[in-house]
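For reference, the chains in residue letters:
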Amino acid sequence: MTHEVTVHPLVSPWGRFGLYSFFIDAPEPAIVDTGIATSPAEGMAPALEAIGRRIEDVRWILLTHGHIDHVGGAHALWELTGRRAQVVIHEADAPMLRSRRAHVDEYRDGRGRYLGDPQGEAEVAAAADAAISGEMEPTLLVKGGETFSLGGGVTVSVHAVPGHTPGSVAYVLDGQRSAFVGDAVQVHGAANGFPGYTDPAAYRAGLEHLRDAIRPRHLYLGHPYRRADGTPYGVELDEAQAREAMDQSLAAEDRVAEAACHCLEAGLTETDSPYSPFARAAGELGYTGDPTLEPSPFFTSMHGYRNAQHRSSTP
């Protein structure tokens, strides 16, 4: 990299969450994550205009993973660039960019099993219809390990950090070690107060890779994730805060894993508890949040540990 480029946060509101996207002010400008359908026109375009930049000039749309609040604005943003921007996503999460139905399937096959909501699939379908600006084919599929140029000697490397989703990636500005991680660093969760990941072992491995191999000097999170005391991190974390967030994320996963293991070893029991069949784990962790609020990270993570147990016991 010939010089350090400036990163501008682009914040969009959505329900109980703040959605963080980022503008990389390179010769070939990039936006990391796209919020929901309305984010590009209503949030990104005026924010860029305020700093003397044009959304039409964006040449890279970098998606950290396939969830609605990260890919929802992708088609709208691509249209605003005159369809000239490269749209990048990991191959494992690409179905969620191609099809709104994939989000319903993810719900049904994971957390939806435990929520007991007869309207759950219909509500997820309605959310996908409203928040995703359009189904589309990505222009560049990645696996991790790729490097591409944003012009002027500015390069971005792609690091696979699966766990939150199978296709979660971190984009790293080489040289300045600025890492855009989406939801791969959950700390103690965001508004739901619980970290969410579909594959606990992969999530942990991704955190260790970020901490020990990338060692970010600047860490950009997808949401205002919270410390153990409940205070949220900001949009951009410096090197010390990044290390703290990754260490706290690993410590939180340790605690959740221990409680999930005890619950699974005792055997899952259906009860009247809103945390059923993982009420024992919730009690051990002292978790009192509402597990039914989307995106239901409690059930997402518990299902991940249940799947891991099943895989380890299958010959």
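Counting restarts for each chain, with residues numbered from 1 along the sequence as it is written. With the structure being a predicted model, the display of local features is reserved for residues of pLDDT at least 70 and the display and counting of side-chain atom pairs for 80 or more, all residues being used for whole-chain, interface and lining totals. Processing note: side-chain calculations cover all non-hydrogen atoms of the structure and skip hydrogens and water entirely.

S.K.: Help me out: how do you make sense of the pattern of salt bridges in this one?
M.R.: Pairing is possible between side chains of opposite charge, provided their charged atoms come close. Salt bridges are defined by distance alone: a side-chain nitrogen of Lys or Arg within 4 Å of a carboxyl oxygen of Asp or Glu. As enumerated under the stated definition, the model contains 19 salt bridges in all. Here Arg-101 makes a salt bridge to Asp-105, at a shortest N to O gap of 3.2 Å. Separated by four residues within a single helix, Arg-101 and Asp-105 lie in helix α5 (residues 101–109), roughly one turn from each other. Exposed residues in this analysis have more than 50% of their type's maximum accessible area, buried residues have under 20%, and partly exposed residues fall in between, with area computed by a 1.4 Å probe over protein chains only. The class of Arg-101 is partly exposed, set by a relative accessible area of 43%. Ionic pairing is found between Arg-111 and Glu-294, a salt bridge with its closest N-O pair at 2.8 Å. Of the two residues, Arg-111 is situated in the loop between α5 and α6 (112–115) and Glu-294 in the loop between α10 (279–285) and α11 (297–313); the sequence distance between them amounts to 183 residues. For Glu-294, a relative accessible area of 35% gives the class partly exposed. A cluster of three or more residues bridged by salt bridges with shared partners is formed by Arg-101, Asp-105, Arg-108, Asp-109 and Glu-121. Going along the chain from the N terminus, every DSSP run of H or I of four or more residues is numbered as a helix, and every run of E of two or more is numbered as a strand.

S.K.: Explain the sheet that holds strand β2 (residues 17–24) here, please?
M.R.: The pairing of strands in a sheet comes from backbone hydrogen bonds and takes either a parallel or an antiparallel form. Pairing between strands is defined by DSSP: at least two bridges between them are needed. Strands sit in the order β1-β2-β3-β4-β5-β6 across an open sheet of six strands; the sheet is mixed. At either end of the open sheet lies a strand with only one pairing partner, and these are β1 (7–14) and β6 (140–142). Averaged over all pairs of adjacent strands, the angle between strand axes in this sheet comes to 20°, irrespective of strand direction. Here three bridges tie strand β3 (residues 30–32) to strand β4 (residues 60–62), and the two strands are oriented parallel to one another. Looking at the pairing, Ile-31 lines up with Ile-61 of β4. Against the sheet, helix α1 (residues 39–50) engages β1, β2 and β3, with an angle of about 145° to β1. What counts as an axis is a line fitted to C-alpha atoms, over the stretch in contact for a helix, and the angles between N-to-C directions run from 0 to 180 degrees. Working rule for contacts: check all heavy atoms of both residues, and any pair within 4.5 Å makes them a contact.

S.K.: Please explain the pairing of strand β11 (residues 218–221) as it appears in this structure.
M.R.: Taken residue by residue, a regular strand's side chains alternate between the two faces of the sheet. In the sheet, strand β10 (residues 178–182) pairs with β11 via four bridges, with the strands oriented parallel. By the bridge assignment, Phe-180 is partnered in β11 with Tyr-220. For the handedness criterion, the strands are oriented away from the viewer, and a crossover whose path from the first strand over the helix to the second runs clockwise is classed as right-handed. You can see the chain leave β10, run along helix α8 (residues 200–214) and come back into β11, and the turn it takes is right-handed. Strand direction decides the pairing type here: β11 and strand β12 (residues 236–237), joined by two bridges, are antiparallel. Its bridge partner being in β12, Leu-219 is matched across the sheet by Leu-237.

S.K.: Is there a simple way to think about the side chain of Asp-33 in this case?
M.R.: With respect to the helices and strands, the residue Asp-33 is situated in the loop between β3 and α1. Counted charges follow a simple rule, with Lys and Arg positive, Asp and Glu negative, and His plus the chain ends left uncounted. Here Asp-33 sits buried without a salt bridge, and the closest side chain of opposite charge, Arg-98, lies 16 Å off (N-O distance). Identification of polar contacts relies on pairs of N or O atoms within 3.5 Å, with a donor-acceptor requirement for protein atoms, meaning one able to donate a hydrogen and the other able to accept it, and with residues adjacent in sequence counted only if both atoms are side-chain atoms. Here the side chain of Asp-33 touches Thr-64 through a polar contact of 2.8 Å, side chain to side chain. Filtering out sequence-adjacent residues up to four positions away, Asp-33 remains in contact with Tyr-20, Ser-21, Met-44, Leu-62, Leu-63, Thr-64, His-65, His-70 and Gly-182.

S.K.: Help me understand α1, please; the structure alone is not making it clear to me.
M.R.: Owing to its 3.6 residues per turn, the α-helix aligns residues three or four sequence positions apart on the same side. Here a helix's expected span is defined as the number of its residues, less one, multiplied by 1.5 Å. Counted at 1.5 Å a residue, the expected span for α1 with its twelve residues is 16 Å, and the 16 Å between its end C-alpha atoms agrees. Those residues of α1 lying buried are Ser-39, Pro-40, Met-44 and Leu-48. Down the axis of α1, the smallest arc covering the buried residues is 70°, so these residues share one side. Those residues of α1 that are exposed and angled more than 90 degrees off the buried face are Ala-41, Glu-42, Glu-49 and Ala-50. Considering only its buried residues, α1 is in contact with β1, β2, β3 and α3 (74–80). Directly after α1, the chain includes Gly-52, whose backbone phi takes a positive value near 80°. Taking the helix axis as origin, the arc is that swept by the directions to the C-beta atoms.

S.K.: Teacher, can you tell me more about the side chain of Asp-183 here?
M.R.: Locating Asp-183 in the fold gives a position in the loop between β10 and α8. Comment: no salt bridge for buried Asp-183; closest opposite-charge side chain is Arg-111, at 11 Å.

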